[in-house]
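# Examining the three-dimensional arrangement
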Amino acid sequence: MIPELSVVMPAYNEEEGIEEVVKESSEVLDKICENWELIIVNDGSRDRTEEILRKLEGEVKNLKIVSYYPNKGYANALREGFKVAKYSFIFYTDADGQFDLTEIKNYFPLIYENDMVVGYRIKRNDPLIRKFTSKVYNLMQKFYLGIKVKDINCAFKIFKAGFLKGIPLKSEHFLIDAEFFLRAKEKGARYVEVPVSHRKRRKGGSTVKFNTIFQTLKEMRRLKRRA
């Protein structure tokens, strides 16, 4: 059993699938953790996401909701979730249900000897545009920022809270994943890559579009100047 774990999930316009994801996640966490909390960060959703979460708040134990308006982006949502996480180990993933949280228990023991345990998808079940943009991100971050990992933006990462809360995360949008590795390098932190399975998104749609490549490139330049 995992002794304690804070799970952070950013959510933006996830009304179609958020209830299923929250209930499934809570059931899994109850089986694999002694103490846990599920932190859903409603990042300014414009649909019924918050309404559904507030209803679940009274039904699902250990559910913690962080909600604000307007939408501030993926990186801000993660930072807000990390701030309120109370346990000594923090895991984050997306609120789209594409990862099976049961797999956390297989890799959790690795966190004792590392500061981060980072996943890479062994068979990515995403539309072609998502696969393409992800490949471009990985190449840009590898050659421009010098990050050489298999799957930078994989939303399956476990951290020691002491490490995570001790680094200054300043990125916006999706480049925060790259910043984890840059800050780890600065701190001399250790990490290990692990393979994880990846499911098709059951409901809803991704917010990642082709033009986010150009937005990410601009942010990458800013991040490199600050590094």
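What this report covers is the structure whose coordinates are included nearby. These numbers were taken from a predicted model, which means no experiment stands behind them.

### Topic: the sheet that holds strand E4 (residues 89-92)
With mixed pairing, 7 strands are arranged side by side in an open sheet as E3-E2-E1-E4-E6-E5-E7. The sheet is open, and its two edges are formed by strand E3 (63-68) and strand E7 (191-196), each paired on a single side. On average, adjacent strands in this sheet sit at an angle of 20° to one another, irrespective of strand direction. In terms of strand pairing, E4 meets strand E6 (residues 157-160) through 4 bridges, oriented antiparallel.

### Examining the packing of aromatic side chains
Centre distance and the angle of the planes are the two values used to describe a pair of aromatic rings. Throughout the structure, instances matching the rule amount to 13 aromatic pairs. The interplanar angle of 80° and the centroid separation of 4.9 Å between the aromatic rings of Phe91 and Phe156 together place this pair among those described as edge-to-face. Taken together, the residues Phe91 in strand E4 and Phe156 in the loop between helix H5 (128-144) and E6 connect sequence positions 65 residues apart. Phe91 gets classed as buried once you look at its relative accessible area, which sits at 0%. Accessibility expressed as a relative area gives 1% for Phe156, which makes it buried. Ring geometry for Tyr92 and Phe180: centres 6.0 Å apart, planes at 45°, overall tilted. Placement of Tyr92 in strand E4 and of Phe180 in helix H7 (residues 176-187) is noted, with a sequence separation of 88 residues between them. Note on accessibility: Tyr92 and Phe180 belong to one class, buried. Members of the aromatic cluster, connected to one another through ring pairs, are Phe82, Tyr92, Phe159 and Phe180. Looking at Lys72, its charged tip hangs above the ring of Tyr68, at a distance of 5.2 Å from the centre. The ring of Tyr120 is capped by Lys150, whose NZ or CZ atom sits 5.0 Å from the centre of that ring.

### Comments concerning the packing of helix H3 (residues 74-84) against H7
Where H3 contacts H7, the axes come no closer than 9 Å and their chain directions differ by 60°. What the angle tells us is that H3 and H7 run oblique. Of H7, the residues touching H3 (which contributes Tyr74, Ala75, Leu78, Arg79 and Phe82) are Ile176, Asp177 and Phe180. Partitioned by chemical class, the residues of the contact of H3 with H7 number 6 nonpolar, no polar and 2 charged.

Conventions used here
Residues numbered from 1 in each chain as written. Predicted model: local features only at pLDDT ≥ 70, side-chain atom pairs only at ≥ 80, totals over all residues. Heavy atoms only, no water. Pairing = 2+ DSSP bridges. Helix = DSSP H or I, 4+ residues; strand = E, 2+ residues; numbered from the N terminus. Axes fitted to C-alpha atoms, helices over the stretch in contact; angles between N-to-C directions. Phe/Tyr/Trp six-rings, centres within 6.5 Å; stacked < 30°, edge-to-face > 60°. Buried < 20%, exposed > 50% of the residue type's maximum accessible area, 1.4 Å probe, protein only. Lys NZ or Arg CZ within 6 Å of the ring centre and 35° of its normal. Parallel < 35°, antiparallel > 145°, perpendicular 65-115°, else oblique. Contact = heavy atoms within 4.5 Å. Nonpolar A, V, L, I, M, F, W, Y, C, P; charged D, E, K, R; others polar.

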